[in-house]
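Topology and contacts: notes
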Number of protein chains: 4
Amino acid sequence: MKKIGVLTSGGDSPGMNAAIRAVVRSGIYHGLKVVGIKRGYEGLIHGDIEDMKISSVADIIHRGGTMLRTARSEDFKTEEGFKKAINVINVFGIDGIIVIGGDGSFRGAQSLSQAGIPTIGIPGTIDNDLAYTDYTIGFDTAINTVLHAISNIRDTSTSHERANIIEVMGRHCGDIALFSGLAGGAESIMIPEDLVSVDEVCKKLIQGKNRGKLHSIILLAEGAAENSYDIKKEIEEKAGIEVRLTILGHIQRGGSPTAFDRILASRMGGYAVDILLQGKGSRVVGMKANEICDMDISEALSMKKEIHKGMYELAQILSR
Amino acid sequence: MKKIGVLTSGGDSPGMNAAIRAVVRSGIYHGLKVVGIKRGYEGLIHGDIEDMKISSVADIIHRGGTMLRTARSEDFKTEEGFKKAINVINVFGIDGIIVIGGDGSFRGAQSLSQAGIPTIGIPGTIDNDLAYTDYTIGFDTAINTVLHAISNIRDTSTSHERANIIEVMGRHCGDIALFSGLAGGAESIMIPEDLVSVDEVCKKLIQGKNRGKLHSIILLAEGAAENSYDIKKEIEEKAGIEVRLTILGHIQRGGSPTAFDRILASRMGGYAVDILLQGKGSRVVGMKANEICDMDISEALSMKKEIHKGMYELAQILSR
Amino acid sequence: MKKIGVLTSGGDSPGMNAAIRAVVRSGIYHGLKVVGIKRGYEGLIHGDIEDMKISSVADIIHRGGTMLRTARSEDFKTEEGFKKAINVINVFGIDGIIVIGGDGSFRGAQSLSQAGIPTIGIPGTIDNDLAYTDYTIGFDTAINTVLHAISNIRDTSTSHERANIIEVMGRHCGDIALFSGLAGGAESIMIPEDLVSVDEVCKKLIQGKNRGKLHSIILLAEGAAENSYDIKKEIEEKAGIEVRLTILGHIQRGGSPTAFDRILASRMGGYAVDILLQGKGSRVVGMKANEICDMDISEALSMKKEIHKGMYELAQILSR
Amino acid sequence: MKKIGVLTSGGDSPGMNAAIRAVVRSGIYHGLKVVGIKRGYEGLIHGDIEDMKISSVADIIHRGGTMLRTARSEDFKTEEGFKKAINVINVFGIDGIIVIGGDGSFRGAQSLSQAGIPTIGIPGTIDNDLAYTDYTIGFDTAINTVLHAISNIRDTSTSHERANIIEVMGRHCGDIALFSGLAGGAESIMIPEDLVSVDEVCKKLIQGKNRGKLHSIILLAEGAAENSYDIKKEIEEKAGIEVRLTILGHIQRGGSPTAFDRILASRMGGYAVDILLQGKGSRVVGMKANEICDMDISEALSMKKEIHKGMYELAQILSR
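These numbers were taken from a predicted model, which means no experiment stands behind them. (Residues numbered from 1 in each chain as written. Chains lettered and ligands numbered in written order. Predicted model: local features only at pLDDT ≥ 70, side-chain atom pairs only at ≥ 80, totals over all residues. Heavy atoms only, no water.)

**Side note on the domain arrangement of chain A**
Accessible area lost upon the coming together of the parts is a frequently used measure of interface size. Residue and element names in this part refer to chain A. Note the threshold: What marks off one domain from the next here is an automatic or database domain assignment. Contacts were defined at the residue level, with two residues in contact if any of their heavy atoms lie within 4.5 Å. Defined here as a combined quantity, buried area equals the accessible surface (1.4 Å probe) lost by two parts on assembly, summed across both. Salt bridges are defined as contacts in which a side-chain nitrogen from Lys or Arg sits within 4 Å of a carboxyl oxygen from Asp or Glu. As used in this structure description, the phrase polar contact means that two N or O atoms lie within 3.5 Å; if the pair is within protein, one of them must be able to donate a hydrogen and the other to accept it, and residues adjacent in sequence are counted only when both atoms belong to side chains. Polar here means any residue other than Ala, Val, Leu, Ile, Met, Phe, Trp, Tyr, Cys and Pro, which are nonpolar, and Asp, Glu, Lys and Arg, which are charged; Gly is therefore polar.
Structurally, chain A comprises domain 1 (3-138 + 257-302) and domain 2 (141-253). A separation of 34 Å is found between the C-alpha centroids of domain 1 and domain 2. On the side of domain 2, 11 residues touch domain 1, which itself brings 14 residues to the contact. Across the domain 1 to domain 2 interface the summed buried area is about 940 Å²; carbon plus sulfur atoms make up 52%. Connecting domain 1 to domain 2 are 0 salt bridges. Taken together, the links from domain 1 to domain 2 amount to 5 residue pairs in polar contact (both at pLDDT 80 or more). Of the residues belonging to the side of domain 1 that touches domain 2, the class tally is 4 nonpolar, 5 polar and 5 charged.

Okay, here's the thing in structure tokens:
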């Protein structure tokens with residue numbers, strides 16, 4: 001192993017830069033050449049690749065987004081596009097690739113592995129929707145961003161004695177809603193994994209109001225409702241309370257990464273280089289039981305993420 | 001003058017608590033009794049009033065929202081409701097009232113003045129839409145909140161090489177969009193006062209793209225478009241660029257007030273008490289030419305707010 | 001078990017309020033009466049105790065500090081003081097106590113346990129200096145506060161092309177320095193557990209300068225130097241570089257807790273109530289391998305905290 | 001006028017980058033060539049100068065520090081150094097210079113003007129110590145940074161029922177202490193312009209304690225005391241209260257600039273280019289009465305900054 005490449009793919013997440021920095025500096029420390037592949041698999045297809053030096057990743061550890069840019073590549077999924085990519089890898093003499101991204105990006109990594117290119121995945125997504133790892137890079141930053149929004153909305157909500165729905169990201173996985181809801185003291189948390197009925201939410205709103213609660217926050221994962229505006233209307237009608245809806249959207253993806261995400265990213269980046277050097281390929285790096293670890297990529301992708309039941313119940317107990 | 005009341009009315013804004021604190025402590029310092037009227041003019045109608053001590057306003061200077069709660073009162077606009085309010089004022093022996101709020105709240109203050117109750121208005125609204133004052137309480141905090149959102153969206157926007165529309169508050173006044181757009185380096189700013197065509201925005205987007213710009217931020221005041229989703233769609237079609245829309249909504253109203261807003265609120269609160277003691281009524285407090293000042297309430301309400309042309313042009317020059 | 005008490009003791013840490021809230025609401029949910037004991041063991045001696053209701057802990061989850069106040073009690077360590085405390089516990093009919101604090105506070109909890117009072121410790125300290133748990137409440141917030149300071153100092157340091165020493169808390173444990181140093185990309189990290197020589201630090205500074213590095217950050221745990229000013233002077237002389245020293249001090253103890261700390265505190269608070277109800281006493285709650293767990297208090301206190309070697313080495317590899 | 005240069009000098013301040021950006025883009029918009037001079041007057045002496053394009057100042061508006069670096073130049077004050085600088089200006093064909101910095105930097109600008117080089121000063125310093133302008137660039141960011149520190153210290157201070165001294169910057173000018181003290185609700189503010197006796201501070205501490213105040217914050221400008229540690233000790237002895245001292249130091253200089261500072265910097269940068277083009281030289285740009293204006297540099301330097309008496313008295317009234 002003499003030369004490795006690193007790319008970011010799919011939706012960006014805070015901490016991706018810290019992971020890139022760790023891959024580059026760890027790689028160089030171990031005597032490797034490291035190249036950066038731009039805009040994910042697109043850059044692999046088009047040879048949009050540049051040499052990385054120690055100074056290439058200076059002053060990026062604290063920046064959100066990804067310096068290598070990112071994209072979702074449809075071409076890479078075609079036979080022709082994939083062949084081009086393999087060709088570029090050979091022409092550039094790349095002996096191993098580290099892919100930072102979510103499950104879609106990992107499927108690309110799996111394909112590369114199956115074609116004989118040692119490839120390691122690092123989980124970079126704010127959604128925390130990968131079952132094989134306790135945390136993904138960017139999740140901690142995202143829930144702190146949501147918490148900040150909850151705090152702002154709580155101020156105005158209390159002043160007006162209103163209820164608020166905050167829609168957060170999470171199509172299949174309710175972790176952002178659950179973690180930020182528990183941390184933010186949200187009255188109700190609506191997640192895709194355990195669909196609570198609107199009636200249930202309304203019951204709690206009415207009880208709270210009767211007990212003199214001045215405000216209520218409902219955390220709604222985007223995957224828990226067909227349409228947030230309908231939910232808002234239904235609650236207003238059933239609970240007889242004025243409700244405001246805020247859709248947080250893309251502010252959840254940005255921001256300077258938290259300490260947790262920077263450390264996670266740095267450790268995972270260093271670890272990915274280590275196992276490539278040990279001759280491993282077709283693996284994903286994770287954090288399990290507070291230790292950095294690795295797992296077969298196909299096995300990881302076949303695991304089913306489940307919501308943390310204990311935390312979900314605790315949130316309900318504590319938010320009365 | 002022996003006893004004064006203070007209330008917050010209309011939409012809340014960060015710094016209202018600092019203003020309440022200043023009114024209470026200044027009043028007591030000058031030998032007055034101060035009462036807090038809850039939920040705006042509603043509390044005046046229903047006698048929802050409590051004595052304020054120095055300690056009542058401890059540890060609130062840094063909190064968003066308003067400890068006195070706020071509301072929009074339809075009752076107060078009726079003859080019956082207004083009579084009840086006057087009655088409560090007499091029964092409680094209130095000699096003067098300080099109203100913290102926006103133009104709607106000032107109309108209520110005007111009515112009270114006309115009924116012989118010395119009333120002073122303090123401008124508390126994030127919109128900065130009052131022509132007689134350079135700044136309203138809460139505006140500085142709001143534009144910094146928008147700036148934070150711009151910063152987050154810029155991270156992810158750069159990574160994906162996309163354009164973003166950020167819709168901010170401002171139905172008739174584009175100040176939030178203009179100030180945060182200038183400060184955030186937004187490529188285009190769409191305000192109600194000077195409707196730029198979508199074609200103009202697209203032209204800039206296309207030029208930017210051709211020059212290699214990796215991202216574009218379009219600040220859109222809510223009053224500058226019938227429907228933000230339509231604008232997004234139109235831009236996508238005309239410019240051929242993927243566009244994301246984020247509606248910031250109520251997070252703009254909350255948050256711990258900035259130094260600027262706390263100082264403005266403290267000074268205005270103290271000043272309002274001073275002029276009440278000087279026998280003035282029917283006035284609004286403002287900041288003009290960097291000095292706290294006051295003006296007749298009717299005159300103030302008749303003034304027409306205009307956008308700062310110099311800043312608007314500067315924003316266009318600097319954002320290329 | 002019918003009535004339990006909760007107290008915070010020793011240095012405060014962000015998240016203590018979230019833990020109090022969890023104890024109170026979990027306790028009430030399980031049918032217990034919960035009392036709050038003020039100013040740590042001092043309040044226990046003097047019967048400074050009040051009933052806690054669900055609403056007593058409303059709107060505190062996001063606040064730094066501790067609503068129950070805290071203190072270090074010398075009296076409690078005397079036979080007489082301890083007897084008074086036991087007497088108060090009996091008079092108030094308290095069946096179990098939850099102590100939130102660091103190792104000093106846990107020794108008090110141990111004494112109460114040995115006197116037959118079921119007592120559970122929850123680790124609340126920013127230092128992360130307890131060996132039996134991976135994380136203490138407040139640590140995550142503290143390292144993010146340090147990170148913020150590093151970011152500010154890096155700005156000015158880069159502009160001036162200077163080196164900076166940042167002294168952080170940690171008398172015996174270098175975790176704050178290590179974690180924030182790794183996350184902040186600090187060039188050198190000086191911790192009590194592995195005393196790096198000043199010569200080593202200077203060597204790195206000189207090498208960095210020769211490679212064109214514009215700034216250098218040295219994270220210094222307070223326990224790693226007799227006197228920070230001497231270290232500063234020594235480095236200036238040996239490396240021939242202008243060095244600035246910033247002692248962060250008590251700003252590390254405050255601030256609104258991060259999502260991580262609020263969740264950790266909420267889970268630990270709920271768990272502590274659960275095990276009290278199961279009849280356990282003389283235990284401390286911890287987080288090990290990403291799960292909340294408990295351990296005998298004496299065993300926990302006998303364990304020796306060690307620095308995370310892997311992270312320490314990684315920090316050196318990545319900060320070149 | 002065909003080519004202008006811009007430099008930053010003295011201590012850096014947040015918003016300098018926004019000012020550089022405005023100078024560069026405004027200049028180019030008006031058809032000028034713009035060059036950046038590195039490390040203040042040092043770069044002028046050594047010809048460390050580079051061409052600036054529109055893209056040179058992309059993505060810097062939100063960054064603290066200065067991309068042009070800064071320094072204090074002793075050489076420039078010598079006849080030889082000054083001659084070299086004039087020579088470089090001629091060789092590079094620079095027709096006008098914009099200097100961003102504080103009063104020391106303005107003296108350099110004055111010398112250049114006197115040598116016939118049209119030079120404009122922009123006030124970039126966190127100290128707000130220039131009498132001719134209401135605000136300097138960086139001041140608003142600095143007081144918000146101090147406010148954040150006050151907030152953190154208040155949390156822990158309240159928990160421990162202690163008094164805290166926070167030493168902030170300001171050798172001759174107490175504005176940082178006054179503005180952040182008023183905004184932060186500090187109990188006492190010690191500034192160089194109006195030396196309050198330690199006895200006075202102690203009196204207030206004792207009165208507060210007797211009224212049940214849980215914490216006290218004393219804002220101390222560095223110029224108001226020979227030695228902060230002595231003040232701390234004196235207060236502890238005289239008031240019989242435990243006092244903690246935090247010296248904020250250089251974290252006050254960094255951080256992403258606030259909206260206010262970015263707008264101020266953008267407007268001043270644009271204005272400086274405008275007046276250079278109008279043929280003016282030997283002027284400084286300021287903000288007076290909420291308008292951007294300019295004044296003769298020698299006149300500006302001869303003015304004596306005074307503390308805002310009204311705000312100082314208000315702070316005392318409100319902080320009881």
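That covers the picture; the talk isn't over yet.
**Regarding the packing of helix α1 (residues 16-29) of chain B against helix α11 (residues 309-318) of chain D**
Helix-helix packing is described using two parameters, namely the angle between the two axes and the distance between the axes. Where we set the bar: With axes taken as lines fitted to C-alpha atoms, and helix axes fitted only over the stretch in contact, angles between N-to-C directions fall between 0 and 180 degrees. A run of DSSP states H or I qualifies as a helix once it reaches four residues; a run of E qualifies as a strand once it reaches two. Both are numbered from the N-terminal end. Note on terminology: angles under 35 degrees are roughly parallel, angles over 145 are roughly antiparallel, angles of 65 to 115 are roughly perpendicular, and the others are oblique.
Between α1(B) and α11(D), the shortest axis-to-axis distance is 9 Å and the interhelical angle comes to 85 degrees. It follows from the interaxial angle that α1(B) and α11(D) lie roughly perpendicular. Between α1(B) and α11(D), the residues in contact are B:Arg21, B:Ala22, B:Arg25, B:Ser26 and B:Tyr29 and D:Leu314, D:Ile317 and D:Leu318, respectively. Grouping the constituent residues of the contact of α1(B) with α11(D) by class yields 5 nonpolar, 1 polar and 2 charged.

**Notes on the sheet that holds strand β2 (residues 33-37) of chain D**
All names here are of chain D. Rules: Note on pairing: two strands pair once DSSP finds at least 2 bridges between them.
Sheet architecture is open: 7 strands sit in the order β3-β2-β1-β4-β5-β10-β11, paired in mixed fashion. Two strands in the sheet have a free side with no partner beyond their single neighbour: β3 (49-52) and β11 (291-296). Strand-to-strand twist of the sheet, defined as the mean angle between neighbouring strand axes without regard to direction, takes the value 30 degrees. Inspection of the sheet shows strand β10 (residues 283-288) paired to β11 by 6 bridges, in the antiparallel sense. Within β11, the position partnered with Val284 by the bridge is Met295. Strands β1 (3-8), β4 (96-101), β5 (119-123), β10 and β11 of the sheet are contacted by helix α9 (residues 259-277), whose axis makes an angle of about 140 degrees with β10.

**Things to note about the packing of helix α11 (residues 309-318) of chain A against helix α9 (residues 259-277) of chain C**
Relative orientation of the contacting elements α11(A) and α9(C) amounts to 85 degrees, with a least axis distance of 11 Å. On the basis of the axis angle, α11(A) is roughly perpendicular to α9(C). Side by side, α11(A) and α9(C) meet where A:Met311, A:Leu314 and A:Leu318 of the first sit next to C:Ile263, C:Ser266, C:Arg267 and C:Gly270 of the second. Considered class by class, the residues forming the contact of α11(A) with α9(C) number 4 nonpolar, 2 polar and 1 charged.

**Description of the packing of aromatic side chains**
Counted only if it meets this: A pair of aromatic rings is counted whenever rings of Phe, Tyr or Trp (Trp by its six-membered ring) have centres within 6.5 Å, and the orientation is called stacked for planes under 30 degrees apart, edge-to-face for over 60 and tilted otherwise. Accessibility here uses a 1.4 Å probe with only protein chains present; expressed as a share of the type maximum, an area under 20% marks a residue as buried, one over 50% as exposed, and anything in between as partly exposed.
Summed over the entire model, instances satisfying the criterion amount to 26 aromatic pairs over all chains. Plain terms: the ring middles of C:Phe139 and C:Phe179 are 5.0 Å apart, the flat faces sit at 85 degrees to each other, and that makes the pair edge-to-face. In this pair, C:Phe139 sits in helix α5 (residues 139-160) while C:Phe179 sits in helix α6 (residues 175-184), placing the two residues 40 residues apart along the sequence. The exposure classification of C:Phe139 matches that of C:Phe179, with both residues buried. An aromatic cluster is built from A:Tyr135, A:Phe139, A:Phe179, A:Phe260, C:Tyr135, C:Phe139, C:Phe179 and C:Phe260, whose rings are joined through pairwise contacts.

**Description of the sheet that holds strand β8 (residues 216-221) of chain B**
Residue and element names in this part refer to chain B. Pairing is parallel across the open sheet formed by 4 strands, whose spatial order is β7-β8-β6-β9. One side of each edge strand has no neighbouring strand; the edge strands of this open sheet are β7 (188-190) and β9 (243-247). Between one strand axis and the next, the sheet turns by 20 degrees as a mean value, whatever way the strands run. The strands that helix α6 (residues 175-184) touches are β6 (163-168), β7 and β8; relative to β7, the one it contacts most, it runs at about 170 degrees.

**Observations regarding α11(D)**
Of all the residues in α11(D), the buried ones are D:Met311, D:Tyr312, D:Leu314, D:Ala315, D:Ile317 and D:Leu318. Where the residues of α11(D) are buried, they touch α1 and α9 (259-277) of chain B together with α6 (175-184) and β7 (188-190) of chain D.

**Description of the environment of D:Ala265**
All names here are of chain D. On the secondary structure map, Ala265 appears in helix α9. Sequence separation between Ala265 and Ile61 is 204 residues; the distance between their C-alpha atoms is 9.5 Å. Each residue touching Ala265, except ones within four places of it in the same chain, is listed here: Gly15, Ala18, Ala19, Ala22 and Ile137.

**Re the nonpolar core**
It is characteristic of soluble globular proteins that their nonpolar side chains tend to be buried jointly. Selection criterion: Throughout this description, the term nonpolar core refers to a set of buried Ala, Val, Leu, Ile, Met, Phe, Trp, Tyr and Cys residues connected via side-chain atoms within 4.5 Å.
Within the largest apolar cluster, 272 residues are counted, with the highest numbers of intra-cluster contacts made by A:Ile98, A:Leu219, B:Ile98, C:Ile98, C:Leu219, D:Ile98 and D:Leu219. For C:Leu219, the contacting residues outside a window of four places in its chain are C:Val146, C:Ile150, C:Ile166, C:Val168, C:Ala177, C:Ser180, C:Gly181, C:Ala186, C:Ser188, C:Ile189 and C:Met190.

**Comments concerning the relation of the copies chain C and chain A**
Just so we agree on the cut-off: Copy-to-copy alignment: least squares on C-alpha atoms, limited to residues at pLDDT 70 or above in both.
For the match of chain C to chain A, the screw axis carries a shift of 0.0 Å, the RMSD comes to 0.0 Å, and the turn is 180 degrees. Seen this way, the second copy is the image of the first under a two-fold rotation axis. Within chain C, the C-alpha atom positioned nearest to the axis of rotation is that of C:Ala289, 1.8 Å from it. Comparing contact sets, 100% of the residues at the interface of chain C also lie at the interface in chain A, consistent with an isologous, same-surface contact.

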